[in-house]
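A structural walkthrough
In case you want the letters, here they are:
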Amino acid sequence: DGNATVFVIAREPGQRMPVAVERHPASKLPLALELDDGDSPMPTAKLSALKEVDVIARLSSTGDAAGAEGDPASAPVRVTLPAKGPVEVVIGAP
């Protein structure tokens, strides 16, 4: 629907709080983007300070960052930093 939003999130493995997040209209899928320190929701949490992250993408029908039960999401993709190339994250993939 017109309010659907995709969130691309990087988290330290085992943590819930994101170290980087970008929000885009779902109508822009498929996306190509680059997460960096400027995408941090907290200035003290730097993506560049980590050795690896789990990257996920979630489609929110309401546009809410917290997400809701039933929102489709990708499986986490573990990425060693700095990433050597593109990382594919697929919403709805097992």
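As a reminder, the structure under discussion sits directly above these lines.
Okay, so let's go over this structure. Just so you know, these numbers come straight off a predicted model, no measurement behind them.

It is worth spelling out the overall build of the protein chain at this point. The secondary structure content of the protein chain amounts to 0 helices and 4 strands. What you see in the protein chain, going N to C, is helices and strands ordered as β-β-β-β. At 13 Å, the protein chain has a C-alpha radius of gyration in line with the 12 Å of a compact globule built from 94 residues. Referenced to the eigenvectors of the C-alpha coordinate spread, the extents of the protein chain come out at roughly 35 × 25 × 25 Å.

Looking at chain direction, strand β1 (residues 5-11) and strand β2 (residues 18-25) are connected through 7 bridges and run antiparallel. Paired with Ala 10 across the bridge in β2 is Ala 20. The turn joining β1 and β2, which pair antiparallel and follow one another in sequence, is formed by 6 residues; a positive phi near 85 degrees is taken by Gly 14.

Here we take up unusual backbone geometry. Here the amide bond leading from Leu 29 into Pro 30 is cis, since omega sits at -5 degrees, within 30 degrees of zero. Its location among the elements puts Pro 30 in the loop between β2 and β3 (52-60). Across the junction of Leu 81 and Pro 82, the peptide omega takes the value -5 degrees, indicating a cis bond.

Cut-offs used in this document
- Residues numbered from 1 in each chain as written.
- Predicted model: local features only at pLDDT ≥ 70, side-chain atom pairs only at ≥ 80, totals over all residues.
- Heavy atoms only, no water.
- Helix = DSSP H or I, 4+ residues; strand = E, 2+ residues; numbered from the N terminus.
- Rg over C-alpha atoms; globule rule 2.2 N^0.38 Å.
- Pairing = 2+ DSSP bridges.

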